[in-house]
Amino acid sequence: MVVNGCGIHFWMYQPEYLNKFRAFFDHWLKGEENGIMDEPAVDIQMRTGEGSYYWRHEADWPVPETKYVRFYLDNSRGQSQLVTQAPENAGKAVYNADVHHKAAGRVEGATFISAPFAEDMELAGYIKAGLYVASTTTDMEIHMKVRVLDENDREVIYPARTSMERGLPLGFGALKVSHRIQDEARTREELPVYKHTKEAYAPLTPGEAVYCEIGTFPTTGVIRKGWKIRLDLDPVGSRWVDYNEESYRKDAENTIFTGADKASFVQLP
């Protein structure tokens, strides 16, 4: 059962869900033929914004035949945009990394915004970013958040009304770029899995561009026609993910490259 947002205890202890969990265990641990395996294997809470949702039922997770759509970062004309075709011209966004997380508000890095969607889109699965980056120091934090803006450029809030965290984005993930080396046997198209071993530790050479991928927690959401997505890439953490490391931030600048042979992207399921 895919339920998004904090307050998951609200769902876990409702009688209808407890009965399903109990029936599952009774079937597999006690051998009871109670019909639980005739039901859909996956229940997905499809969030439509401002606390609303509907249920979608599928045979597997990730959802079979999911189409992964890439939006490319484009900063070649001085405007930070998300576009549907890889830009031919190179660009880059440079921002200050010598900052500290503030308890309230965002510590900004780079932001990219799409054009309004031409049709409704259902998202269910994992968001992924593939980024070409560099820093003036030996490491770099990337805190990725995907948010949705309505026709009036107001953010659409996706957590359920039971959630204690109203400011959660549609999807988020984070990476220390020195840990970018992936476990190829476990990585999937939609979700990078990292080695996190001493042998795979890969500090940056100042000024040298590298490619990295950032995965997210599973997420769901309906993006309506006329709405836009906003990709935030920030240099420091938040209350959800904070590495609390300052040694590589002092006097540092970070760069996100876009277009040409460094076509950074964000991929939606």
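A short tour of the structure in this document, coming up. Please read all numbers here as calculations on a predicted model, not as lab measurements.

Points about the side chain of Asp234
Next up, step 1: As for its position among the elements, Asp234 is in strand β13 (residues 228–234).
Next up, step 2: Here the side chain of Asp234 touches Gly109 through a polar contact of 3.1 Å, landing on its backbone nitrogen.

Some points on the pattern of salt bridges
Next up, step 1: Tallied over the full model, the rule gives 17 salt bridges.
Next up, step 2: Among the salt bridges present, the one from Glu122 reaches Arg56, with a minimum N-O distance of 2.8 Å. Pair noted here: Glu122 is in strand β7 (residues 121–125) and Arg56 is in strand β2 (residues 52–58), with a separation of 66 residues, a long-range link.
Next up, step 3: Exposure remark for Glu122: the relative accessible area of 36% places this residue in the partly exposed category.
Next up, step 4: When the shortest N-O distance is used, the salt bridge between Asp232 and Arg230 registers 2.9 Å.
Next up, step 5: Residue classification places Asp232 among the buried positions, given a relative accessible area of 1%.
Next up, step 6: Each of the salt bridges in this network shares a partner with another, and the network as a whole consists of Arg147, Glu155, Arg230 and Asp232.

Quick notes on helix α2 (residues 15–30)
Next up, step 1: All buried positions along α2 are accounted for by Tyr17, Ala23, Asp26 and His27.
Next up, step 2: Just downstream of α2, Gly31 is the residue with a positive phi angle, here 75 degrees.

Remarks on the nonpolar core
Next up, step 1: One finds Leu131, Val133, Ile142, Ile223, Leu231 and Leu233 to be the most contacted residues of the largest nonpolar core, which totals 36 residues.
Next up, step 2: Those elements that place two or more of their residues in this core are β3 (69–74), β5 (91–96), β6 (110–114), β8 (128–135), β9 (141–149), β11 (210–215), β13 and β15 (265–268).
Next up, step 3: Of all the elements, β9 adds the most residues to this core, at four residues.
Next up, step 4: Apart from the residues within four sequence positions on either side, Leu131 is in contact with Leu73, Ile142, Val210, Tyr211, Cys212, Ile214, Leu233, Ser264 and Phe265.
Next up, step 5: By size, the runner-up hydrophobic cluster in this structure holds seven residues, among which are Val2, Ile44, Val63 and Val222.

With respect to unusual backbone geometry
Next up, step 1: Geometrically, the link from Trp61 to Pro62 is a cis peptide bond, its omega value of -5 degrees lying close to zero.
Next up, step 2: Along the polypeptide, Pro62 turns up in the loop between β2 and β3.
Next up, step 3: In this model, Asp153 sits at a positive phi of 60 degrees, which is unusual for a non-glycine residue.
Next up, step 4: Relative to the assigned elements, Asp153 resides in the loop between β9 and β10 (171–176).
Next up, step 5: In this model, Asp251 sits at a positive phi of 60 degrees, which is unusual for a non-glycine residue.
Next up, step 6: For Asp251, the position within the fold is in the loop between β13 and β14 (253–258).
Next up, step 7: Judged by its relative accessible area of 62%, Asp251 is exposed.

Considerations on the packing of aromatic side chains
Next up, step 1: For the coordinates displayed, the defined rule picks out nine aromatic pairs.
Next up, step 2: Taken together, a centroid distance of 6.5 Å and an interplanar angle of 55 degrees make the contact between Phe24 and Trp28 tilted. With Phe24 and Trp28 both in helix α2, this residue pair falls four residues apart, about one helical turn.
Next up, step 3: We classify Phe24 as partly exposed; its relative accessible area is 39%.
Next up, step 4: With relative accessibility at 53%, the residue Trp28 sits in the exposed group.
Next up, step 5: Each ring, one from Tyr53 and one from Trp55, has its centre 6.1 Å from the other, and the planes form 80 degrees; the classification is edge-to-face.
Next up, step 6: Judged by its relative accessible area of 36%, Tyr53 falls in the partly exposed class.
Next up, step 7: The class of Trp55 is partly exposed, set by a relative accessible area of 27%.
Next up, step 8: One aromatic cluster is present, built from ring pairs that chain together Tyr17, Tyr53 and Trp55.
Next up, step 9: Sitting above the plane of the Phe265 ring, Arg70 keeps its charged end 3.8 Å from the centroid.
Next up, step 10: Here the basic side chain of Lys262 rests over the ring of Phe257, its NZ or CZ set 5.8 Å away from the ring centre.

Considerations on the pairing of strand β1 (residues 42–49)
Next up, step 1: The element β1 is extensively covered by neighbouring structure, given that eight of its eight residues are classed as buried.
Next up, step 2: Note: β1 against β2, seven bridges, orientation antiparallel. Bridged to Arg47 within β2 is Tyr53.
Next up, step 3: With antiparallel pairing between neighbouring strands as the criterion, β1 and β2 make up a hairpin whose turn holds two residues, including Glu50 at a positive phi of roughly 55 degrees.

Rules used throughout
- Residues numbered from 1 in each chain as written.
- Predicted model: local features only at pLDDT ≥ 70, side-chain atom pairs only at ≥ 80, totals over all residues.
- Heavy atoms only, no water.
- Helix = DSSP H or I, 4+ residues; strand = E, 2+ residues; numbered from the N terminus.
- Polar contact = N/O pair within 3.5 Å; in protein donor to acceptor, adjacent residues only side chain to side chain.
- Salt bridge = Lys/Arg side-chain N within 4 Å of Asp/Glu carboxyl O.
- Buried < 20%, exposed > 50% of the residue type's maximum accessible area, 1.4 Å probe, protein only.
- Core = buried A, V, L, I, M, F, W, Y, C linked by side-chain atoms within 4.5 Å.
- Contact = heavy atoms within 4.5 Å.
- Phe/Tyr/Trp six-rings, centres within 6.5 Å; stacked < 30°, edge-to-face > 60°.
- Lys NZ or Arg CZ within 6 Å of the ring centre and 35° of its normal.
- Pairing = 2+ DSSP bridges.

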